[in-house]
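Chains, contacts and geometry: an overview
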Amino acid sequence: MHQAAHKFAEFAIGLAPVVDDAGHCIGVLSARDFVTFEIDRTGEDTPPHGKACNRAAKGDFLPWNSVRKFMSTAVQTTRFDTSLRRVCEIMMAEHIHHLVVLNDRAAPIGVLSTLDVISALIAICDEQNALSFKVS
């Protein structure tokens, strides 16, 4: 978690996909997960709305500060060629703010946020306005 925190700070991100040795997305680590980590680290009670930490598979050992222990395993993904409209539908239906974007090999190549969607919509509106101004 300490190394992950440094990456979050270095790249100014709030969410990152977690991949296995084969490069497949097995979870996501969010800034919110660091709150759960800190509560667990200090031994304080987790608030009722906090998520339970992931448990190791039988026979596996997870260090107390393992990313796998605190990441979310319920990952919503989308392909790189998914339409903007479909991305919006997924985010709204699932009540989420991030989607992990996968390539043809189902490996993560990025994270799409609601801010990215808003930026794209503004760009589309600006483009439409520019076109209508030229036609008038």
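Quick note: structure is the one above.
Let me sum up the structure you'll find in this document. From a predicted model like this one, the values you see are computed outputs, not experimental measurements.

1. Let's talk about the nonpolar core
One finds Met1, Ala4, Phe8, Ala16, Val18, Leu29, Phe34, Phe37, Phe70 and Met71 forming the largest nonpolar core, which totals ten residues. Taken together, the elements giving at least two residues each to this core come down to α1 (2-11), β1 (15-19) and α2 (31-42). Listed in part, the five residues of the second largest apolar core include Val87, Ile90, Leu99 and Val117.

2. Remarks on the packing of aromatic side chains
Applying the stated criterion across every chain yields a total of three aromatic pairs. Geometrically, the ring pair formed by Phe37 and Phe70 is edge-to-face, given 5.3 Å between the ring centres and 85° between the ring planes. Of the two residues, Phe37 is situated in helix α2 and Phe70 in helix α3 (residues 67-70); the sequence distance between them amounts to 33 residues. Residue classification places Phe70 among the buried positions, given a relative accessible area of 1%. Each residue in the set Phe37, Trp64 and Phe70 is aromatic and connected to the rest through ring pairs, giving one cluster.

3. Focus on the sheet that holds strand β3 (residues 77-79)
In spatial order, the strands read β3-β4-β5; together these three strands make up an open sheet with mixed pairing. Two strands close off the open sheet at either side, each with one partner strand: β3 and β5 (108-113). Averaged over all pairs of adjacent strands, the angle between their axes in this sheet comes to 35°, without regard to strand direction. With three bridges connecting them, β3 and strand β4 (residues 98-102) associate as parallel partners.

4. Some words on the pattern of salt bridges
In total, this model carries seven salt bridges according to the counting rule given. Arg41 serves as the salt-bridge partner of Glu38, at 2.5 Å between the closest nitrogen and oxygen. Highlighted residues: Glu38 and Arg41, both in helix α2, separated by three residues, approximately one helical turn. When its relative accessible area of 35% is taken as the criterion, Glu38 is described as partly exposed. Residue Arg41 is classed as partly exposed on the basis of its relative accessible area, which comes to 45%. Three or more residues joined by partner-sharing salt bridges are found here, namely Arg79, Asp81 and Asp104.

5. Regarding the pairing of β5
Where β4 lies against β5, five bridges are found, and the strand directions are antiparallel. Residue pairing in the sheet places His98 in a bridge with Ser113 of β5. Hairpin remark: β4 followed by β5, antiparallel, with five residues in the connecting loop; positive phi at Ala106, about 65°.

6. Section: the pairing of β1
Of the strand pairs in this sheet, β1 and strand β2 (residues 25-30) are connected by five bridges, and their pairing is antiparallel. By the bridge assignment, Leu15 is partnered in β2 with Ser30. What sits between β1 and β2 in their antiparallel hairpin is a turn of five residues, with Gly23 showing a positive phi close to 90°.

Calculation notes
Residues numbered from 1 in each chain as written. Predicted model: local features only at pLDDT ≥ 70, side-chain atom pairs only at ≥ 80, totals over all residues. Heavy atoms only, no water. Core = buried A, V, L, I, M, F, W, Y, C linked by side-chain atoms within 4.5 Å. Buried < 20%, exposed > 50% of the residue type's maximum accessible area, 1.4 Å probe, protein only. Helix = DSSP H or I, 4+ residues; strand = E, 2+ residues; numbered from the N terminus. Phe/Tyr/Trp six-rings, centres within 6.5 Å; stacked < 30°, edge-to-face > 60°. Pairing = 2+ DSSP bridges. Axes fitted to C-alpha atoms, helices over the stretch in contact; angles between N-to-C directions. Salt bridge = Lys/Arg side-chain N within 4 Å of Asp/Glu carboxyl O.

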